[in-house]
Structures are given as structure tokens and as C-alpha cells.
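What follows is each chain in one-letter form.
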Amino acid sequence: MFTSTGSWGLYKAPLSKSLLLLPTVLSVLLTVLLPQYHDMFTYNLQAVRQGKEFWRLVSGRLFCLDLKDTFCSSLLIYNFRIFERRFGSHKFASFLFGAWILSAFVDLLLTEALRFMFELQVDVLPAGLLGPVFALFVPFYNSIPRVQVTQVLGHVSITNKSLTYIVGAQLLTSSAYMWIVACSGLIAGMFYYSNKLAVQKFLRVPEWVARCGSVLLEPVFSDSEPTAEAPLGMGATLDIQRQQRMDMLDQQLLLTQLAHFRRNAQQQPAQTGLLNWNRFFPSLRHRGQNRLQEGPQPQQPPYTHPPDNTDVVEEQVARLMEMGFSRMDAQEALRASNNDINIATNFLLQH
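Residues numbered from 1 in each chain as written. Predicted model: local features only at pLDDT ≥ 70, side-chain atom pairs only at ≥ 80, totals over all residues. Heavy atoms only, no water.

A. Spatial organisation of the side chain of Thr164. Mapped onto the elements, Thr164 comes out in helix 9 (residues 162-172). Judged by its relative accessible area of 3%, Thr164 falls in the buried class. (Helix = DSSP H or I, 4+ residues; strand = E, 2+ residues; numbered from the N terminus. Buried < 20%, exposed > 50% of the residue type's maximum accessible area, 1.4 Å probe, protein only.)

B. Geometry of the pattern of salt bridges. Using the criterion set out here, one finds eight salt bridges in the structure. Overlapping salt bridges, with partners in common, bring together Asp39, Glu53 and Arg56 in one network. (Salt bridge = Lys/Arg side-chain N within 4 Å of Asp/Glu carboxyl O.)

C. Looking closely at the environment of Thr345. Among the structural elements, Thr345 can be located in helix 17 (residues 341-350). You can call Thr345 buried: its relative accessible area is 16%. The spatial distance from the C-alpha of Thr345 to the C-alpha of Arg319 is 10.0 Å, given a sequence separation of 26 residues. With near-sequence residues (within four places) excluded, Thr345 lies in contact with Leu320 and Met323. (Contact = heavy atoms within 4.5 Å.)

D. Quick look at the pairing of strand 3 (residues 148-152). In the sheet, strand 3 pairs with strand 4 (residues 156-159) via four bridges, with the strands oriented antiparallel. In the strand pairing of strand 4, Gln151 is matched with Ser157. Here strand 3 folds back onto strand 4, and the loop between the two strands holds three residues, one of which, Leu153, carries a positive phi near 60°. (Pairing = 2+ DSSP bridges.)

E. Examining unusual backbone geometry more closely. Unlike most non-glycine residues, Lys52 shows phi in positive territory, near 55°. Relative to the helices and strands, Lys52 is located in the loop between helix 2 (45-49) and helix 3 (56-59). Not every positive phi belongs to a glycine, and Leu197 is a case in point at roughly 55°. According to the relative accessible area criterion, Leu197 is exposed, its value standing at 74%.

F. Spotlight on the packing of aromatic side chains. For the structure shown, the criterion picks out ten aromatic pairs. Between Phe80 and Phe83, the aromatic rings sit 6.1 Å apart at their centres with planes inclined by 40°, giving tilted as the arrangement. Feature note: the residues Phe80, Phe83, Phe87, Phe134, Phe137, Phe140 and Tyr165 constitute an aromatic cluster, connected by ring pairs. The ring of Tyr78 is capped by Arg81, whose NZ or CZ atom sits 4.0 Å from the centre of that ring. Taking the ring centre of Phe140 as reference, the NZ or CZ of Lys161 above it sits at 5.0 Å. (Phe/Tyr/Trp six-rings, centres within 6.5 Å; stacked < 30°, edge-to-face > 60°. Lys NZ or Arg CZ within 6 Å of the ring centre and 35° of its normal.)

In C-alpha cells form, the structure reads like this:
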């Protein structure tokens, strides 16, 4: 029922792949081969305040000058690639861009607050694309399901998200003032994720930039679609296999939540042309009903249909209509699957 594309490395994540390769290569070059150019990429706030060198807010926040920071941030970007596959490269790039801009202002505010309140002068912060990396912990905490894997000493739970938090803690403790960058990233991520003051409308990558990036970067950094799932134990470690299963489980949980929303929506006056989402995942639905029959069923709050602002791609709508599906059903399936035509086709075929 589900394809395995969601768990295959960097498939459908060309931006994440470019963020892994380009900054890592340039960081290694600056650290190992070109140390004489370190000063150009130092995140020097004193030079910004006193020397008016505002260009350092750009150059100092692109490439890590510490190999440990490069390694940890690369691991986190690889784990956060799920957001690019879920929301698309354009929205993922807009989140990174908005968090990058907001975290720069928060850096300046926090350092000025420390100097004013505690007389702590912070002149240099860790360099690199660290603000957006820490900002991604906000959607990671809010939208990724927490699945328990095991327990340590009978009390400490190990989940599918524990390793990511451990890597983030390692990055947080890599330097003395990394906590300032981490706080800035988290504040920027919460501000952008909650869309305070409609920042998502203003701090976003323009459409023409996204199209140019798609034309230039996707042929270089896009991975080919896997044709078959690799057999277990063939060239893959147990951790990689577990991560693949966690990605697939995350996709299953999201789709079952959509099915739950549609089932509740049917209690309201039905609209013509909508899909019968009750037929999706019958085994999971029946399993949930069996569990509910064992005990008293709690009273559910009134259902409020979530806002759906996902834009569908007309080309994909046309392809589904050529298969014989109605336009409204095709649009609903594409919105529910974030414009993934393969999942949308599976939805419609099971209807």
C-alpha cells in the first residue's frame, strides 16, 4: 500500500542534499586548506556594531569554521530532510530563509541584552548555518510523531526522536556561546512556525527563485527514484533499517490522521464530489474500533475541519483526470498527499 520512497536517503530532497554537500565541502576547505580566509567568514558581532561590517551577518552565517559543528549540523540536516519531502522544496527553503533572517536579528538582540543586563560582552558567535538548523527543532517537536523504541533502566524511554535530540545537544555544547545561537534559532523557528505577524507571507523564497533553483539544482542534486526496496540485511545496518521503518511509520500515522479527519467530517452535512476517506486503512480503523469496544468510549470534542491551504499542481490534476477520476477527487487526493501523485493515485484506486 505504501511506497518505500519516503525512507530512501535523500530522494525527493534536493535542497537537503545541496545543504549537506556544499557547506560541508566549503567548511573543510576553509578549515584545512584555506585557513588564511577564516576572518572573512567569522561571525564577528563587534565588527558589525562598531565597524558597520553588516556583510558579516551573511558571510559569518553560511559556513561552519569548526569541523565538529559541520559534522553535527550535517547529521541534523539529514534527519530533517523529512520536512522537504513532506512540504516540498519551496516551503522548506522558505522556512530556512525566514528562520535565517529572523535569527540574525535575535542574535543581535540577545547579545545586546546580555551586555546591558549582565555586562557580558559577546563579540564572536559560532559561524555557520546554525540558526535555521536549531529552528527546525520546532516543527520536529510539534509535527513528528513520538514512537517508543525501547526503555533504559525501566524508566528512561528511547524513541525514534532521541538520537536527533542527542546530536542537537552535542552541537549545543560544542562551544561557549553556542547556546545564544541555539536560543536565537529556536525563537526564530517558533516565530516563523506560528506565523506571527504573517511573517510567512513576507519572509519566503519568491516563486521565480524557486523555479530557477529547481532548474539549476535538481539535475545535479536530485536522486533517482528507487525501483525496489532493498532486502533486509543486504548492505544496510540495523540502525538504517530502523530509520527507514520510522520514516514509513511517520507517513502511515499522518495518513491515518487524515482518514480520521475525513471520517469525522462525514458526520456533518456531506458535500458532493468529496472522497470517501473512511475506506482508507480499513485494518487500522477496525483495529482501533476493537480497542475502543474493550472500555468506555470517551466523549469526543466537536470536530473542526483543519484549514487546507495546500496548492495543487494542475499538471498532476490533469494526469489523474486522464485516468478517469473527477477533478474534485483528484484535487482532494493531491492536497491530502502534499502533491505526491503516487500516494494520491493509491488513494483514488482504493476508493
